[in-house]
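Structure at a glance
The chain contents come next:
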Amino acid sequence: MLCTGPDSLPQNTPRQAGRKTSPLTFAVALLMLPGLLAACGYQSMMAIPDSPEGAAGEGAATRIALVALRNDSPEPWLDRIVSDALRREFGLRGRFELIADPEQADYVLRGRILPIALRSNSFSTFVVAIEYKLTLELQLELLRAKGDVIRLPAQGLRESEVYLASQDVEVARSNRLEALRHLSDILATRGADSVGGIAHPE
């Protein structure tokens, strides 16, 4: 088929005045127009190019879900403090995407908080404790999507901190809570480092 532009039409072609185009003929012409344009090498500006299959998956972040930790310590809300620290840590790492549904995750992190170890660290001349040493320990494991379970190294999930004692109950509680938050941040960083080494080995 020969494709021509408007300039190539014969200039002396007589116009058929007074002849009306029927609606059926007009509809058929509209249906045939895309095929004629494609045959002539024209493309619609509204056409959406197909994206290559699998391109969206390249460089995608590793999806990880955090299951609520079991709290075996006497500290209320400690499971929430540790879980929040873990979420913050993974949220800062661009290679991970936190998701709520474990079924859709590449990895699921779960575990428990062991009982807290607390002992007096120093005493006054009146044999009154002025400092306490607090030890926080976690047991974390990583569940792969394919079903196998990896226990994170225990040596990196135990840390201690000393905080000041006080005869004021509220001050002592605040110092203790601050120590627990700091320890949670430390262990969350180490836990995320371990998960990163498993999910993204160099």
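The preceding data block contains the structure.
Read on for a plain summary of the structure. Computed from a predicted structure; not experimentally measured. (Residues numbered from 1 in each chain as written. Predicted model: local features only at pLDDT ≥ 70, side-chain atom pairs only at ≥ 80, totals over all residues. Heavy atoms only, no water.)

Counting its secondary structure elements, the chain contains three helices and eight strands. Each helix and strand of the chain, placed in order from N terminus to C terminus, yields the pattern α-β-β-α-β-β-β-β-β-β-α. Classification of the 202 residues of the chain by burial places 24% in the buried group. Contacts in the chain between residues at least 24 apart in sequence constitute 71% of all its contacts with a sequence separation of at least 6. Just so you have it, the chain exposes about 14400 Å², and 56% of that area is on carbon and sulfur atoms. (Helix = DSSP H or I, 4+ residues; strand = E, 2+ residues; numbered from the N terminus. Buried < 20%, exposed > 50% of the residue type's maximum accessible area, 1.4 Å probe, protein only. Contact = heavy atoms within 4.5 Å. Areas by Shrake-Rupley, 256 points an atom, 1.4 Å probe, with all protein chains shown as cover.)

So, about unusual backbone geometry. In this structure, tryptophan 77 is a non-glycine residue whose phi angle is positive, near 70°. Here tryptophan 77 is to be found in the loop between strand S2 (70-71) and helix H2 (78-91). Of the residues examined, tryptophan 77 reaches a relative accessible area of 56% and is grouped as exposed.

Moving on: the nonpolar core. Ranked by size, the top nonpolar core spans 30 residues in total, and within it Ile64, Leu78, Leu86, Phe90, Leu109 and Val195 carry the most contacts. Ranked by residues supplied to this core, first place goes to helix H3 (residues 169-199) with eight residues. (Core = buried A, V, L, I, M, F, W, Y, C linked by side-chain atoms within 4.5 Å.)

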